[in-house]
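Topology and contacts: notes
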Amino acid sequence: MDKETKKENKAQEQIAKLTSDVEHWKNEYYRAYADMKNLREAVEKDHREAIKYRAAGFVENLLPILDGFHMALQCKATSQEMQNFLTGFEFIYRNMVSVLEAEGVTEISPKVGDQFDPNTMSAIETVYDEGKPNRVIKVNVCGYKLHDHLIRPSIVVVSTDKKDEPKSENKEESPKLDA
Amino acid sequence: MAKEIILGIDLGTTNSVVSYLQADGKVKVIPNPEGTMTTPSVVAFKASGEEIVGNAAKRQAVTNPDTVSSIKRKMGSAEKVHINATKKDYTPQEISAKILAYMKKYAEENIGHKIEKAVITVPAYFNDAQRQATKDAGQIAGLDVVRIINEPTAAALAYGLDTNKSEKILVYDLGGGTFDVSILDIGDGTFEVISTAGDNKLGGDDWDKVVADWIKAQIKIETGLDVNDKMLNKDSLMQQKKQRLNFQVHSQQQSHFHSSLCLAMDQSTSKQLFQELNSKI
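To start, this report covers the structure provided alongside it. (Residues numbered from 1 in each chain as written. Chains lettered and ligands numbered in written order. Predicted model: local features only at pLDDT ≥ 70, side-chain atom pairs only at ≥ 80, totals over all residues. Heavy atoms only, no water.)

1. So, the overall build of chain A
Looking only at helices and strands, one finds three helices and six strands in chain A. Along chain A, helices and strands appear, N-terminal first, in the series α-α-α-β-β-β-β-β-β. Taking 16 Å as the expected radius of gyration for a compact globule of 179 residues, we find that chain A reaches 32 Å, considerably beyond that expectation. Sorting the 179 residues of chain A into buried and exposed places 31% on the buried side. Counting contacts in chain A only where the partners sit at least 6 residues apart, residues at least 24 apart contribute 64% of the total. When the accessible surface of chain A is summed, it comes to about 12100 Å², and 54% of that surface belongs to carbon and sulfur atoms. (Helix = DSSP H or I, 4+ residues; strand = E, 2+ residues; numbered from the N terminus. Rg over C-alpha atoms; globule rule 2.2 N^0.38 Å. Buried < 20%, exposed > 50% of the residue type's maximum accessible area, 1.4 Å probe, protein only. Contact = heavy atoms within 4.5 Å. Areas by Shrake-Rupley, 256 points an atom, 1.4 Å probe, with all protein chains shown as cover.)

The following block contains the structure:
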């Protein structure tokens, strides 16, 4: 092999290596670019979600106050003075609800006879009723949503067509561990 | 094409969590459609053929006897769960697979594309059959389970203990229904579980129950009303208050709870009282 051919072969090898390197780094670049693009999108999405649901904790803290209003407004007025108080309570309550609604809060207030929906309600008890199972029998407290996130389910009593006590958990006894 | 995402799944007895490693090296826990970071490990079957998983399944548990929870306790056993609604027997793997499939689905929706691989954690004391059952559950859910990792090892990794420094560490894992303590020997990038012990009937739920009993007693003292257990059901409002109470009690000396489930009532408790209440656990 003459000197020229050797030189040419070496150059070819170098070209092949450099081409391979370029390909490798190009792939690395594309991959890193895609990773960063995905990360940026994920961070932006998290940011949007954080803004959208920023009031969740605050709303949750307000729920006992709303429950208090609910209870007060269920009272029957026994005097004109009490009626005036209840009217005032209702006014304050409605103002508060309209502020919350503006923030994206919606009340979940099922009616007696409604179909039980575990997506928005939580059953705490079942009562036998052969005719209409899986219906709301009593609403203990209303639920609340912030946009599409459930802040608190509505707590309800539900009808069942089974006379036997339904099981709530499928826990099995297992030995204590002491490995 | 971006790096492939592999889900990290903590398939728990009470709750499960799914996460992944972001491109910036940070682990992101993926919230479920309700916005919570943990998903109850509960599956419910309805006569209509509908299957409910997670929070909704937990909320309907008292209405539906075909609700399965704590299936992790049966993993690796030949025992099957009979579901009346579908008139079928399900293996623990099949039930766990429904939890995994649910988490896979919402993880995909959150990330924006299909995910095929996952790493699932298991207790260090799980035997081969239990580990294989967990892997099978992943496969049934459409996941290629690339690794089964011991829970204490995953915890050590999460705290950045995968250095070359040789040391022994203790991992304390107090879950919703189980409690595990493990001692790990770390060095040269390897993790060896030297010893593991615990109580698979002790968890946060027990603390909740003690506080619930105390709340019931307080209501009885103040009003004479008997609050039955169903009113203090796990999913009730009262339970949510208790959970917050437990959390607050660790961070403050005083804590308040307000009950609007059955009556207007305001109570406060102290860290000392909380410790006294739970001293027998």
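2. Some points on the nonpolar core
The biggest cluster of nonpolar side chains holds 35 residues, and the ones touching the most others in it are Leu7, Ile9, Val18, Ile30 and Leu100 of chain B. The biggest single contributor to this core is helix 2 (residues 92-111) of chain B, with eight residues. Excluding its chain neighbours within four sequence positions, the residues that come into contact with Ile9 of chain B are Val17, Val18, Leu100, Met103, Ala118, Val119, Ile120, Thr121 and Leu143 of chain B. Core analysis: the next-biggest nonpolar cluster, separate from the first, contains 15 residues, Val59, Met96, Tyr144 and Leu146 of chain A among them. (Core = buried A, V, L, I, M, F, W, Y, C linked by side-chain atoms within 4.5 Å.)

3. A few points about helix 3 (residues 80-102) of chain A
Spacing of three or four residues puts side chains on the same side of an α-helix, whose turn is 3.6 residues. All names here are of chain A. Taking 1.5 Å per residue, 23 residues should reach 33 Å; helix 3 reaches 33 Å between its end C-alpha atoms and fits that length. All buried positions along helix 3 are accounted for by Leu86, Tyr93, Met96 and Leu100. Close packing links the buried residues of helix 3 with helix 2 (56-73) and strand 1 (105-108). Gly104 occupies a position one or two residues after helix 3 and carries a positive phi of about 100 degrees. (Expected span 1.5 Å × (residues − 1).)

4. What about helix 2 of chain B?
Relative to the 28 Å expected for 20 residues at 1.5 Å per residue, helix 2 of chain B spans 28 Å between its end C-alpha atoms, a close match to the ideal helical length. Positive phi shows up at Gly112 of chain B, right after helix 2 of chain B, with a value of about 100 degrees.

5. Quick look at the sheet that holds strand 5 (residues 149-152) of chain A
Residues and elements named next belong to chain A. Reading across the sheet, the three strands line up as 1-4-5 and stay open at both edges, with antiparallel pairing between neighbours. Among the strands making up the open sheet, the edge pair consists of strand 1 and strand 5. Direction aside, neighbouring strands of the sheet carry axes that sit 30 degrees apart on average. (Pairing = 2+ DSSP bridges. Axes fitted to C-alpha atoms, helices over the stretch in contact; angles between N-to-C directions.)

6. Looking at a nonpolar patch on the surface
A contiguous nonpolar surface patch, about 480 Å² in accessible area, is contributed by Leu170, Tyr172, Leu174, Ile183 and Ile194 of chain B. Structurally, the position occupied by Tyr172 of chain B is in strand 12 (residues 167-174). (Patch = residues over 30% accessible without salt bridge, like charges linked within 9 Å, V, L, I, M, F, W, Y side chains within 5 Å. Salt bridge = Lys/Arg side-chain N within 4 Å of Asp/Glu carboxyl O.)

7. Notes on the pairing of strand 5 (residues 42-45) of chain B
All names here are of chain B. Alternating positions in strand 5 separate into two faces, Val42 and Ala44 on one and Val43 and Phe45 on the other, with burial throughout. The sheet contact formed by strand 5 and strand 7 (residues 67-69) spans three bridges and is antiparallel. Paired with Ala44 across the two strands is Thr67, which belongs to strand 7. Of the pairings in the sheet, the one linking strand 5 to strand 6 (residues 51-53) comprises three bridges and is antiparallel in character. When the sheet's bridge partners are listed, Phe45 is paired in strand 6 with Glu51. The hairpin turn running from strand 5 into strand 6, its antiparallel successor, is five residues long, and Gly49 in that turn takes a positive phi close to 100 degrees.

8. Some thoughts on the packing of aromatic side chains
Residues and elements named next belong to chain A. As enumerated under the stated definition, the model contains eight aromatic pairs over all chains in all. Taking the centre distance of 6.0 Å and the plane angle of 40 degrees together, the rings of Phe69 and Tyr93 count as tilted. One end of the pair, Phe69, is in helix 2; the other, Tyr93, is in helix 3, with 24 residues separating them in the sequence. The exposure class of Phe69 is buried, given its relative accessible area of 14%. Site record: aromatic cluster; members linked through ring pairs are Tyr29, Tyr30 and Tyr33. (Phe/Tyr/Trp six-rings, centres within 6.5 Å; stacked < 30°, edge-to-face > 60°.)

9. Examining the pairing of strand 2 (residues 15-21) of chain B
All names here are of chain B. Bridge analysis of strand 1 (residues 6-11) against strand 2 gives four bridges, and the strand direction is antiparallel. Residue pairing across strands places Asp10 opposite Val17, the latter belonging to strand 2. Here strand 1 folds back onto strand 2, and the loop between the two strands holds three residues. Here strand 2 pairs with strand 4 (residues 39-40) via two bridges, running antiparallel. Bridge pairing links Ser16 to Thr39 in strand 4.

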